[in-house]
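Coordinate analysis (summary)
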Amino acid sequence: MNNPYLPYPVRIAEIRVETEDKNLRTFKFEFLNPEDEEKFAYLPGQFAELSVPGQGEIPIGIASSPSEKGFVLFTVNRVGQVSSYMHNMKAGDIMGIRGPLGHPYPLDKLKGRNLVIIAGGFAVTTLRSTITYLLQPEIRPEYGKITFIYGARTPGLLLYKDEWMAWEKRDDIDVFVTIDREVPNWGYKVGFVPSVTKEVCPPPDNTSALICGPPIMIKFTQPVLEEAGYQPENIIMSLENRMKCGLGICGRCNVGPEYVCKDGPVFTLAQLNRLPKEY
Amino acid sequence: MSEYIIKQSALADFFKSLANGRRLLSPQGVGDKCKLEETAPEKVSLDFTNTHMSPKSLLFPQTERLMAFHNEHDKPNGYVFQSALDSGEPTVVFGIRPCDARGLSIANKVFQNDRFTDPYWKGKFDRTVFIGLACDAPLPQCFCAAMGGSPFGESGLDVLAFRQTDGLGFKALTDKGTELLKAAGATEADLAGEIKSLEAKAIESQGVKPNYQPIDNLDLMDLFKDPHWEATAENCLNCGVCTFFCPTCHCFDIQDENSERGGVRMRNWDTCMSWLFTVHGTGHNPRPTKTERVRQRFMHKLKYIPLKQDGVRGCTGCGRCVVMCPVNIDIRSVALKMAQTAPTPA
Amino acid sequence: MPQLSEITGKIRESAKKLLTSGQADVVIGYRQGTVPMATAPFFARTPEDCDQLVWSNFARVNLANYLSGRPGKVALVAKGCDARSAVGQVTENQILKDNLYLIGVPCTGMIDNNLVVAKEPRPISEVTETTDEAITVKGNGFSTDIKKEDVLRRNCKTCVNRTPKLANELVGPEVNGAAADDYADIKALLGKSLEERMAYFKDLIKDCLRCYACRNACPLCYCPICFVDETRPQWLGKSTDAMDTMTFHLLRGLHCAGRCTSCGACETACPVNIKVREFNRIMELTVQSNWQYEPGMSWDQKPPLTMFQTDDTADFIK
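Residue indices begin from 1 for each chain and proceed along its sequence in written order. Chains carry letters from A onward and ligands carry numbers from 1 onward, assigned in written order. Local features are withheld for residues below a pLDDT of 70 in this predicted model, meaning they are given only at 70 or higher, and side-chain atom pairs are given and counted only at 80 or more; totals for whole chains, interfaces and linings count all residues.

**Points about the overall build of chain C**
This is how it is decided: Secondary structure counts use DSSP, requiring at least four H or I residues in a row for a helix and at least two E residues in a row for a strand, with both numbered from the N terminus. Note on method: radius of gyration uses C-alpha positions; expected globular size equals 2.2 Å times residues raised to 0.38. Any residue surrounded by 20 or more other C-beta atoms within 10 Å of its C-beta is treated as buried, while 12 or fewer makes it exposed and the intermediate range makes it partly exposed; C-beta atoms here are placed from the backbone. Here, residues touch in the contact sense if the C-beta positions derived from the backbone fall within 7 Å of one another.
When you go through chain C residue by residue, the secondary structure sums to 10 helices and eight strands. Over its C-alpha trace chain C gives a radius of gyration of 20 Å, about what one expects of a compact globule, namely 20 Å for 318 residues. Structurally, chain C occupies a C-alpha span of about 55 × 50 × 40 Å along its principal axes. For chain C, the proportion of its 318 residues judged to be buried stands at 43%. The long-range share in chain C, meaning contacts at least 24 apart out of those at least 6 apart in sequence, stands at 68%.

**Re the overall build of chain B**
Looking only at helices and strands, one finds 12 helices and 12 strands in chain B. Relative to a compact globule of 346 residues, whose C-alpha radius of gyration would be 20 Å, chain B shows 22 Å and is just as compact. Summarising its shape, the C-alpha atoms of chain B cover approximately 65 × 65 × 35 Å along the three principal directions. Residues classed as buried in chain B amount to 49% of the 346 residues present. Within chain B, residue pairs in contact and separated by at least 24 positions form 70% of the contacts whose partners lie at least 6 positions apart.

**Considerations on the interface of chain A and chain B**
Convention followed: Asp, Glu, Lys and Arg are counted as charged, while Ala, Val, Leu, Ile, Met, Phe, Trp, Tyr, Cys and Pro are counted as nonpolar; the rest, among them Gly, fall into the polar class.
With 35 residues of chain A at the contact, the number on the chain B side is 41 residues. Looking at the side of chain A that touches chain B, the elements with two or more residues in it are β4 (56-61) and β6 (94-101) of chain A. Looking at the side of chain A that touches chain B, the element that brings in the most residues is β6 of chain A, giving three residues. Here the side of chain A that touches chain B is composed, by residue class, of 17 nonpolar, 11 polar and seven charged.

**Some thoughts on the nonpolar core**
This is how it is decided: In plain words, the nonpolar core is the set of buried Ala, Val, Leu, Ile, Met, Phe, Trp, Tyr and Cys residues that C-beta atoms within 7 Å link up.
Of all hydrophobic cores here, the largest spans 259 residues; its most connected members are Leu 76 and Ala 78 of chain C. Dropping the residues within four chain positions of it, Ala 78 of chain C is found in contact with Leu 63, Ala 64, Ala 83, Ala 86, Leu 102, Ile 103, Gly 104, Val 105, Pro 164 and Ala 167 of chain C.

**Some remarks on the domain arrangement of chain B**
All names here are of chain B. To keep it simple, the criterion reads: Where each domain begins and ends follows an automated or database-derived domain assignment.
Taken as a whole, chain B is organised into domain 1 (3-204) and domain 2 (213-339). The set of elements that each furnish at least two residues to the side of domain 1 that touches domain 2 consists of β4 (63-70) and α2 (98-111). With 10 residues, the single largest contributor to the side of domain 1 that touches domain 2 is α2. By residue class, the composition of the side of domain 1 that touches domain 2 is 19 nonpolar, nine polar and six charged.

**Some details on the sheet that holds strand β2 (residues 23-28) of chain B**
All names here are of chain B. Note the threshold: Only when DSSP finds a minimum of two bridges between them are two strands counted as paired. The convention used is that axes are lines fitted to C-alpha atoms, helices contributing only their stretch in contact, and that angles between N-to-C directions extend from 0 to 180 degrees.
Reading across the sheet, the eight strands line up as β3-β2-β6-β7-β8-β9-β1-β10 and stay open at both edges, with mixed pairing between neighbours. Whereas interior strands pair on both sides, the edge strands pair on one side only; in this sheet they are β3 (35-38) and β10 (187-189). Here the average twist between neighbouring strands, direction ignored, is 30°. By the bridge criterion, four bridges tie β2 to β3 in an arrangement that is antiparallel. Paired with Leu 25 across the bridge in β3 is Glu 38.

**As for helix α10 (residues 290-308) of chain B**
What counts here: Note that the bend at a residue is defined as the angle between axes fitted to the seven residues ending at it and the seven residues starting at it.
A bend of about 55° at His 300 of chain B is the largest found in α10 of chain B. In terms of residue burial, α10 of chain B counts as a mostly covered element, since 14 of its 19 residues are buried.

**Describing the sheet that holds strand β12 (residues 262-269) of chain B**
Residue and element names in this part refer to chain B. Read from one edge to the other, the open sheet built from four strands follows the order β5-β4-β12-β11, with strand pairing classed as antiparallel. Looking at the sheet topology across the chains shown, the edges are occupied by β5 (82-83) and β11 (252-258). Taken together, the seven bridges between β4 and β12 define a ladder with antiparallel strand orientation. Each bridged residue has a counterpart across the sheet, and for Arg 65 the counterpart in β12 is Met 266.

**What to know about helix α4 (residues 175-183) of chain B**
Residue and element names in this part refer to chain B. Which entries qualify depends on this criterion: Read the arc as the range of directions from the helix axis to the C-beta atoms.
Looking only at α4, the buried set comprises Gly 177, Leu 180 and Leu 181. Axial view of α4: buried residues confined to an arc of 95°, hence all on one face. Of the exposed residues in α4, the ones pointing more than 90 degrees away from its buried face are Asp 175, Lys 182 and Ala 183. Those residues of α4 that are buried lie in contact with β1 (3-6), β7 (128-133), β8 (159-164) and β9 (167-172).

**Here we look at the environment of Ser 83 of chain A**
The topology assignment puts Ser 83 of chain A in helix α2 (residues 81-87). Along the sequence, Ser 83 of chain A and Ala 13 of chain A sit 70 residues apart, while their C-alpha atoms lie 17 Å from each other.

**Structural notes on the domain arrangement of chain C**
Residues and elements named next belong to chain C. Under the domain assignment, chain C is made up of domain 1 (1-110 + 160-179) and domain 2 (182-311). Taking only C-alpha atoms, the centre of domain 1 and the centre of domain 2 are 25 Å apart. Tallying the contact residues gives 18 residues for domain 1 and 17 residues for domain 2.

**So, the pairing of strand β3 (residues 47-52) of chain A**
All names here are of chain A. Here β3 lies mainly inside the structure; six of its six residues are buried. When β3 meets β6, the two strands line up antiparallel, connected through four bridges. When the bridges of β6 are listed, Leu 50 appears paired with Ile 97. Here six bridges tie β3 to β4, and the two strands are oriented antiparallel to one another. Bridge pairing links Phe 47 to Gly 61 in β4. Between β3 and β4, which follow one another and run antiparallel, lie three residues, and Gly 54 among them has a positive phi close to 90°.

**Focus on the environment of Gln 62 of chain B**
With respect to the secondary-structure elements, Gln 62 of chain B resides in the loop between β3 and β4. Beyond its immediate stretch of four places on either side in the chain, Gln 62 of chain B contacts Ser 57, Asn 268 and Trp 269 of chain B together with Leu 209 and Thr 240 of chain C.

**Regarding unusual backbone geometry**
Cis geometry is found at the peptide bond from Gly 264 of chain A to Pro 265 of chain A, where omega equals -5°. By the element assignment, Pro 265 of chain A lies in the loop between β14 (258-259) and β15 (266-268). Note the cis peptide between Arg 232 of chain C and Pro 233 of chain C, where omega equals -5°. Take Pro 233 of chain C: it is sitting in the loop between α7 (213-216) and α8 (242-255).

**Considering the confidence of the model for chain C**
Going by this rule: Per residue, pLDDT captures the predictor's confidence, and it can take any value from 0 to 100.
Chain-level pLDDT for chain C is 92 on average; 97% of the residues reach the 70-or-more range. As a predicted assembly, this complex carries a pTM of 0.94 together with an ipTM value of 0.92.

**Comments concerning the packing of α8 of chain C against helix α10 (residues 277-291) of chain C**
All names here are of chain C. Rules: Helix crossings get a hand from a simple test, with the near helix turned counterclockwise from the far one by less than a right angle marking a left-handed crossing and a clockwise turn marking a right-handed one.
The geometry of α8 relative to α10 is characterised by a closest axis approach of 9 Å and an angle of 35° between their N-to-C directions. You can see that α8 and α10 cross each other, and the crossing is right-handed. Between α8 and α10, the contacting residues are His 249, Leu 250, Arg 252, Gly 253 and Leu 254 on the first element and Phe 279, Asn 280, Ile 282 and Met 283 on the second. Looking at the contact of α8 with α10, its residues break down into five nonpolar, three polar and one charged.

**A closer look at the environment of Glu 227 of chain A**
With respect to the element layout, Glu 227 of chain A can be found in helix α6 (residues 215-227). A C-alpha to C-alpha distance of 9.0 Å links Glu 227 of chain A and Lys 198 of chain A, two positions 29 residues apart in sequence.

This is the structure we're talking about:
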């Protein structure tokens, strides 16, 4: 019988420190058993339980794109017991990943539409996956205009620098990166995500927004989009709650009748408007 | 499916036949010691009210080992989890009450949901046959009928047994149940009329049924936002007794424990009454006070589960939480308050 | 022998006066339970609410449990033990004395439902109680009279402080306490070998579910995060492992040393009927014999284990 609690064993192939405060590290995992990589078939927006034997598990969004073969990427913030332990692990160490879990962003339903992708802080992970996926030559033509808005408090807290800088140079995606306050030699935008969104977000016609960020950013970005004429059905968000099983069984991550792990983490604002704000 | 009888004089052989090649479990002990235990066929008793705790631990033990690992870096399987799924013995449960069987069938839809199957639960579920014993004399705290069940309820059972003047009557509800009865030499009989009248009598003994139906039609957010929750939760101690005793409460925590040469991952019953249950790594807690936690428990039972399980309520009316709650928070009173929620004008 | 209705009347009268005069924002008392042999804590905020307040032989919950950190002015219906716990809440700085009003009920003890069921095992659907000395339990085709002294909780049998001496008012005539608790059982236990004692306690808690109802029902357990719930570091495993369970009970016993008023709330709340107070009673005896201290008997005396004094006779701390 398939056992969804049992993690696939993986080897840490590489650890990259992402931010200057060193609180965020990106882990590149390789599956010990190549057939497990096929079983771990995922889409952007899904997450996995990172599983450290003897320490526990943490649910983390998948940062790599299904188009990137041979490895999976997760960016981990040092918060609790498992993440702190992981920050002390090194390349070559063995651990586990369990998934993919949750539903992806509904990219298949968004074909032919324009996308505005809004990220705040380290919640950019699954949106990195999304953009990497969308920018594949055979996928990109299936979508309209793509706008990417990404903010962090300081330049040193922005993830995936090489990548968004490369995206910026392309003509098939508009990239707006912003920090909270002006610093010397900063060549990009300054200001909070909601105000940058107000300034640059495309008209709502045939456009969907994907948002992932801290609650405070979402709280203030949502009204900006609604004022701009976006319908709640076209505002798509990813939620976080404390999780254990990831399978809709252990009971703690529910928002009303929906489990963030099994029925989410991706919800439209229209769905969330009908649910308790217990997240 | 059809009905069968076994006369008093043949009951001993019936229980022997049940135990043939299977583990036979039945309620043993009295009062707070009454629980499902492995039972010798001659020790099966029909004289019990119900087990002190719900029978859920049979399929979902309070502590259950999920997997284990060795911490040897140099071995090929070092730090790789190996499943602790066991095969277990075929089991027959005799004497589970219809409320509790219904509880297990509700939990079963969570453990085997639309996307995932819990193999630890499923293994035990599949190898167990449930023979329920109908309640001809429900207890004062029982309210299964008000919650949509019945003292002669069939949900979750393979066979429903009930007392007759001379022995037991049976209604076979699944193929597994029919086979078992045939193998035990039960005689086919038409008992539909008898069951109907016994059931009506048992339901009547539960008194006037309060009407919880408005909850089914009320909007989720209206129920959630109703101002009564603060008063409803005010005397709650946030212990977890209601959740530990509830036949449908199924929440758990997953924990790793280490020893010298390795470790295990296990799951333990958890409770939504606990502050820790939902707290984020950042310290943010979506259900920060007991008001939110108490609301969660009752909304889960009476609104969320029905929304996900075709209207079936997550409370089976077994009455355990009602009598066990140290501060007498009574789900029947809470359900009535919920039923009186004023809907937001459209 | 006071009628329960008399005491109920006086509680309601006092509660109404306190709420009307603004001396209290809330009166915490008991209302009739929804099942036989139960009351429920009740929070009266208006004079009309007060008509739901009752006195009963089943008023077991220690309402001082609701005091810690509560804002505003609170009046509490308190038995002897509860009043001592409330005083403890003041001496431990959980609530200001000026914000607390104790409606003291001289108490002749509360009933242990398990003992009633032992005497009358048939399903009980109704209980009548008119005095504080006896009850009548009824069910399908039976009616049985039971004397309260035969079904008292064990902490009530040995209670020496039945009249809440520090209460702002008493709503009934003073009652004498039982003969002094001689702790004979505990002394006998302490006389046994370490192995025997360990075996005794292991057996005592073998059914423990780790539901923590004992802790949550206890007015002493007001820590915002209990050590069993700490995650960084995590002190205890979460399974039903016997050693973890034992550690919880031992540490809780120690945390309550010199603070426990033998209210019995823990044992009443325990869903599997563990005699949780065995741990506390050992500590009670220890504190009494070392410091001649009884908790909750004075507004300004602190529990001995929470204080350091330079003339402390113990040498372990120097």
